[in-house]
Amino acid sequence: MSAGPQNAVVKEIPPKAADLSAWYTAACLKAELVSYSPVRGCVVLRPAGFGLWENLQRELDARFKATGHENAYFPLLIPESLLMKEAEHVEGFAPEVAWVTHGGQEELTERLAIRPTSEVIIGTMYAQWVQSYRDLPILINQWANVLRWEKATRPFLRTMEFLWQEGHTAHASAEEAREETLRMLDVYRDFAENVAAVPVYAGVKSASERFPGAVETFAIEALMPDGKALQSATSHDLGQNFARAYDITFADVDQQIKHAYTTSWGMSWRMLGAMIMTHGDDRGLRIPPKMAPIEVVFVPIVRTNDDRAIAACREAADTLKAAGFRVRVDVRDEQPGWKYSEWDLRGVPVRVEIGPRDVDAGTAVLVRRDRAKGDPQQKQSVSVEALQRVLPALLDDIQRSLYAQAKQFLDERTIAASDRVSFYEMCKNRAGMIDVPWCARPECEAHVKEETGATTRLLRDLAAGATACIPCGEPAKVNAYFAQSY
RNA sequence: CGGGGCGUAGCUCAGCUUGGUAGAGCGCUACGUUUGGGACGUAGAAGUCGCUGGUUCGAGUCCAGUCGCCCCGACCA
């Protein structure tokens, strides 16, 4: 592991602005979200990290259910012959598929792929389940792990094995499938912005960025502090491509046998990486309250011959717990200051300090993680009875303020380039989301990528009055956000 | 997979140039004093120097190979 410079504020992690990569890795490890494991490219998700994942699951799952989906589970292993059926799909994933070749000592007659994604196995099952238009739509999601043989890995952002959810739906018409694709894209946008407090752009991908086998790929894209974009979820309109390859057919109302239209959509634990990088500061993580496994941590201040604060914290915490707050009381035998720093590092949104003076006065000190040390609004004293009343608004305010800070950054770093030279410069310098009229030609995108490392992140309708592609000068067809990406 | 860097105590690292049998700070354990933004004292435990092989009387140090991690590129949630 690289050393990284020491820092007066937090000794465990380097300053965020100096080296985002070093900060990020240290933050994930020191906040005990993940540990590296003996398996190359695979991390252990520790309780603090799994708590984030559980909250993501809870929030997303509720949205899936609300839009009519059900959960199911499909096998990890995919027979090679099945995988080979969709040509583009196979080609796209071939380099990152891991194979099971032996069962015990015996070599298998057919290799089994460890799923890099589940279109194949799910499509195969849908083919069996669908006979009639009355069987449609099928709206299924699965929470699962997948494996992709990656060369360079980083916690959450890219690991060989990762957790995600993948929704797979089948519909009777192209329109309905497209509607579903966009609906789920909006669910992701809503989750990213309103739960993870990560502002994103949502839109369609260029041809070169399309999912292998999809007709159209949509995505949400966030902008990290170093100016690189991070694709945080995708939603694919698969048209009839997979239905043809896996023979998902149905008799329609008009008595014609037709291929179904399918979609797939996924968000992985990469979203957690986006959230961590977006909100963290030099003291460590800043977890948005809606995602925080612990919303409020109590730190009692104990003096020799006076440990009344412990009982006071426990009592207040019990009341809050009963009211539905996620709380913890830190009774470890450490200095209060040490605990403050540690809970700062772990990103708990609100800390409540209760010491002898508070016990006497019936008060508690509320400290919000989103504000800097020394900010007059970082701390406030309230009566213990008022906690339950004050906290919802405080947590909500922290949630909003984290989003607002990130939104301001995204807005400031979304920049229109007006000529070719400045466009290439901005791409190279990771200026942010570079917004330009674009010709939509793959050759043009390839050239930009070769010169600057940037690609289109999302496309949208051509801005009014725009005529020429900024990168190459050909007639413009759409507007595109260009950026380097993770 | 290319280019660069790094693997020595739980963590951060020194020691390697010039081979001679293992070090520091922090952390950890026990006891005591402390406790409102990373406390202090006393005593103690802790490393087959990533792994394998080679050179040598002798290897953390030299040589070869290998595994892993980090950074920068190329490829992808």
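Residues numbered from 1 in each chain as written. Chains lettered and ligands numbered in written order. Predicted model: local features only at pLDDT ≥ 70, side-chain atom pairs only at ≥ 80, totals over all residues. Heavy atoms only, no water.

J.: Please explain the packing of helix α13 (residues 420-428) against helix α14 (residues 442-452) as it appears in this structure.
T.: Each pair of packed helices gets described by two things: the angle between the helix axes and the distance between those axes. Taken N-terminus to C-terminus, the directions of α13 and α14 make an angle of 55°; their axes are 9 Å apart at the nearest point. Relative to α14, the element α13 is oriented oblique. Note that α13 runs across α14; the crossing there is right-handed. Along the contact surface, α13 presents F423, Y424, C427 and K428, while α14 presents H447, V448, E451 and T452. The residue makeup of the contact of α13 with α14, split by class, is 4 nonpolar, 2 polar and 2 charged. (Axes fitted to C-alpha atoms, helices over the stretch in contact; angles between N-to-C directions. Helix = DSSP H or I, 4+ residues; strand = E, 2+ residues; numbered from the N terminus. Parallel < 35°, antiparallel > 145°, perpendicular 65-115°, else oblique. Left-handed = near helix turned anticlockwise from the far one by under 90°. Contact = heavy atoms within 4.5 Å. Nonpolar A, V, L, I, M, F, W, Y, C, P; charged D, E, K, R; others polar.)

J.: Where do I start with the nonpolar core in this structure?
T.: Within soluble globular proteins, side chains that are nonpolar generally end up buried alongside one another. Counting residues in hydrophobic clusters, the biggest one holds 76 residues, and the most contacted among them are L56, F156 and F423. If you tally residues by element for this core, the top one is helix α1 (residues 20-30), at 7 residues. A domain split of this core shows at least three residues from each of domain 1 (20-279) and domain 3 (414-483). L56 has contacts with W143, F191, M267, S268, M271, L272 and M291, leaving out every residue within four places of it along the chain. Counting residues in each nonpolar core, the second largest holds 26 residues, with F93, V97, A113 and F242 among its members. (Core = buried A, V, L, I, M, F, W, Y, C linked by side-chain atoms within 4.5 Å. Buried < 20%, exposed > 50% of the residue type's maximum accessible area, 1.4 Å probe, protein only. Domains from an automatic or database assignment.)

J.: How should I be thinking about the sheet that holds strand β19 (residues 379-383) in this particular structure?
T.: Strands in a sheet are paired, the pairing made by backbone hydrogen bonds, and the direction either parallel or antiparallel. Here 5 strands make up an open sheet; going across it, the order is β16-β15-β17-β18-β19 and the pairing mixed. Edge positions in the sheet fall to β16 (327-329) and β19, since each of these pairs with one other strand and no more. Going from strand to strand, the sheet's axes swing by 25° on average, the running direction of each strand aside. Pairing of strand β17 (residues 350-354) with strand β18 (residues 363-368) involves 4 bridges; the strand directions are antiparallel. Within β18, the position partnered with V350 by the bridge is R368. In the packing of helix α12 (residues 387-412) onto the sheet, contacts are made with β15 (296-300), β17, β18 and β19, and the angle to β18 comes to roughly 10°. (Pairing = 2+ DSSP bridges.)

J.: Looking at this structure, I do not really get the pattern of salt bridges. What am I missing?
T.: Side chains carrying opposite charge are able to pair once their charged atoms draw close together. Evaluated as defined, the whole model comprises 40 salt bridges. D61 is the salt-bridge partner of K65, the closest N and O atoms lying 2.7 Å from each other. Of the two residues, K65 and D61 both sit in helix α2 (residues 47-66), 4 residues apart, roughly one turn of that helix. Accessibility expressed as a relative area gives 42% for K65, which makes it partly exposed. Look at D61 and you get buried, because its relative accessible area is 13%. (Salt bridge = Lys/Arg side-chain N within 4 Å of Asp/Glu carboxyl O.)

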